[in-house]
Amino acid sequence: MTDRQPGFSTLAIHAGAQPDPTTGARATPIYQTTSFVFNDADHAASLFGLQAFGNIYTRIGNPTNAVLEERVAALEGGTAALAVASGHAAQVVALQVLLKPGDEFIAARKLYGGSINQFSHAFKSFGWNVVWADTDDIASFERAVTPHTRAIFIESIANPGGTVTDIEAIAAVARKAGVPLIVDNTLASPYLIRPIDHGADIVLHSLTKFLGGHGNSIGGIIVDAGTFDWSKDGKYPILSEPRPEYHGIKLQETFGNFAFAIACRVLALRDLGPALSPFNAFMILTGIETLPLRMQKHCDNAKAIAEWLSTHPAVAGVNYAGLAGDKYNNLARKYCPKGAGAVFTISLKGGYDAGVKLVSKLQLFSHLANVGDTRSLVIHPASTTHSQLDDAQKTKSGAGPDVVRLSIGIEDKEDLIADLEQALA
Ligand SMILES: Cc1ncc(COP(=O)(O)O)c(C=O)c1O
């Protein structure tokens, strides 16, 4: 190997992986085992006491998952990562390290509907209080800061509206408030946006979407940027205070710039238990190898289709940040010049009924609740993913009654346009 820093496509294929030292297997093997044999009693004790790194039990770590973790950390520019069972599990594990009952976190209102539900209901029952803010009004984040704030949570490109968030402006608010900025980078993927380069301290993904990319495996990941000082003002005792279950070690003192990833693994994942299956890790790793190729095609198709839809007489509006003249086009040019992603919404002149009808008439587009598949997907959020929200929440999160969400796949764009044409007709 030369001293060259490998490029993104090289990392997408090689980061974290080596030929298997025992068998020579070139693809990463699926270590389908629950547990790992210790060398001797001292080795076992040192693993349990966090004195040595190694495998104990697949709920806490697994060699296939470790390759995935190293690969995504490399692609995002983080120090370490932790793979978990789903995107939602990543959110609960990350926040469990940061929040105690009675603490608050600020979240963008423009979020995946499932995250709005998780934050409003499940997290509330843990005593974690969400305070909503508006990414179109950065001052609303500043106004939401209180002495109880422990994190700010945004999506880089927001689901379902495909709007691009001004990460640097919100990172500045987080710095001033002395709390970490958490960015859900699911819709952009690190190919389009690397939030750590713009000030994020923690990056999350639903691996289920573009990273896995083939609509076959659920997974999530937490990436530690290694940028935040957890010991500064006593707000994060899990990271700064001695841990009784680990002989009184202090996680930040011991693990430095990957202490947050360690805490997520050895406390939150260990105790809450949403481990990723090594089989899913293998599937997602295989998907990541082609991420740059797929993502570029997703974006190019999405732009062509958004342009075509914006001239269609049945369409009242197309919300795609990649379109010249879109409200978010300047942010898209700044944060994701290679493309504004492949998930966007259209509003139909015929309102709610037209939305329901369109999804039932499309043939090549699959009507289902997912995004980021090779296949093109469609859903009417108001009657499905966002149906649990009230009307005001639906509209604020970009899922009003006339809105249809498209996730553009990597088929031939002419075939996708023909399908939309017949369905709109
Ligand atoms: C932006 C975003 N974040 C998180 C999630 C949750 O991920 P998962 O379904 O893998 O739990 C989703 C799911 O659609 C999503 O779109």
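Residues numbered from 1 in each chain as written. Predicted model: local features only at pLDDT ≥ 70, side-chain atom pairs only at ≥ 80, totals over all residues. Heavy atoms only, no water.

**Student:** Looking at this structure, how should I read the overall build of the protein?
**Tutor:** Counting its secondary structure elements, the protein contains 17 helices and 14 strands. Computed over its C-alpha atoms, the radius of gyration of the protein comes to 22 Å, within 12% of the 22 Å expected for a compact globule of 425 residues. Its C-alpha atoms put the protein at 70 × 55 × 40 Å along the principal axes. In the protein, buried positions account for 56% of the 425 residues. Across the protein, the fraction of contacts at a sequence separation of at least 24, relative to all contacts at a separation of at least 6, is 72%. Accessible area for the protein stands at about 17300 Å²; split by element, carbon and sulfur atoms hold 53% of it. (Helix = DSSP H or I, 4+ residues; strand = E, 2+ residues; numbered from the N terminus. Rg over C-alpha atoms; globule rule 2.2 N^0.38 Å. Buried < 20%, exposed > 50% of the residue type's maximum accessible area, 1.4 Å probe, protein only. Contact = heavy atoms within 4.5 Å. Areas by Shrake-Rupley, 256 points an atom, 1.4 Å probe, with all protein chains shown as cover.)

**Student:** Would you explain the sheet that holds strand E5 (residues 181-184) in this entry?
**Tutor:** Strands belonging to one sheet form pairs held by backbone hydrogen bonds; the direction of such a pair is parallel or antiparallel. The strand order across the open sheet formed by seven strands is E1-E7-E6-E5-E4-E2-E3, and the pairing between neighbours is mixed. Strands with a single pairing partner mark the edges of an open sheet, and in this sheet they are strand E1 (80-84) and strand E3 (129-133). Across the sheet, the axes of successive neighbouring strands diverge by a mean angle of 20°, strand direction being ignored. Strands E1, strand E6 (202-206) and strand E7 (220-224) of the sheet are contacted by helix H11 (residues 259-272), whose axis makes an angle of about 30° with E1. (Pairing = 2+ DSSP bridges. Axes fitted to C-alpha atoms, helices over the stretch in contact; angles between N-to-C directions.)

**Student:** What exactly am I supposed to notice about the layout of surface pockets here?
**Tutor:** With a probe scaled to a water molecule rolled over the atoms, the places where space remains empty come into view. Taken as a whole, the largest pocket spans an internal volume of roughly 830 Å³. Surrounding the largest pocket, 30 residues form its lining, Phe53, Gly54, Glu69, Ile262 and Arg265 being those nearest its centre. Ranked by residues supplied to the lining of the largest pocket, first place goes to helix H3 (residues 63-76) with six residues. For the lining of the largest pocket, a count of residues per class yields 20 nonpolar, six polar and four charged. (1 Å grid on protein atoms, 1.4 Å probe; cavity = no way out; pocket = protein on both sides within 12 Å on 5 of 7 lines; lining within 4 Å. Points joined across faces, edges and corners; volume = space filled by probe spheres on them. Nonpolar A, V, L, I, M, F, W, Y, C, P; charged D, E, K, R; others polar.)

**Student:** Hey, could you run me through the packing of helix H13 (residues 291-309) against helix H17 (residues 413-424) in this one?
**Tutor:** Pairs of packed helices are described in terms of their axes, by the angle between the two and the distance that separates them. One way to put it is that H13 packs onto H17 with a least axis distance of 10 Å and a crossing angle of 30°. By the angle class used here, H13 and H17 are roughly parallel. Two packed elements cross with a definite hand, and for H13 against H17 that hand is right-handed. In contact with Asn301, Ala304, Ile305, Trp308 and Leu309 of H13, H17 contributes Lys413, Leu416, Ile417, Leu420, Glu421 and Leu424. (Parallel < 35°, antiparallel > 145°, perpendicular 65-115°, else oblique. Left-handed = near helix turned anticlockwise from the far one by under 90°.)

**Student:** Mind showing me how you'd approach the side chain of Arg71 here?
**Tutor:** The residue Arg71 is located in helix H3 in this model. With relative accessibility at 1%, the residue Arg71 sits in the buried group. Among the polar contacts listed, one links the side chain of Arg71 to the backbone oxygen of Ala15, at a separation of 2.9 Å. Ignoring anything within four residues of it in the chain, the contact list for Arg71 reads Leu11, Ala12, Ile13, His14, Ala15, Ala17, Leu285, Ile288 and Glu289. (Polar contact = N/O pair within 3.5 Å; in protein donor to acceptor, adjacent residues only side chain to side chain.)

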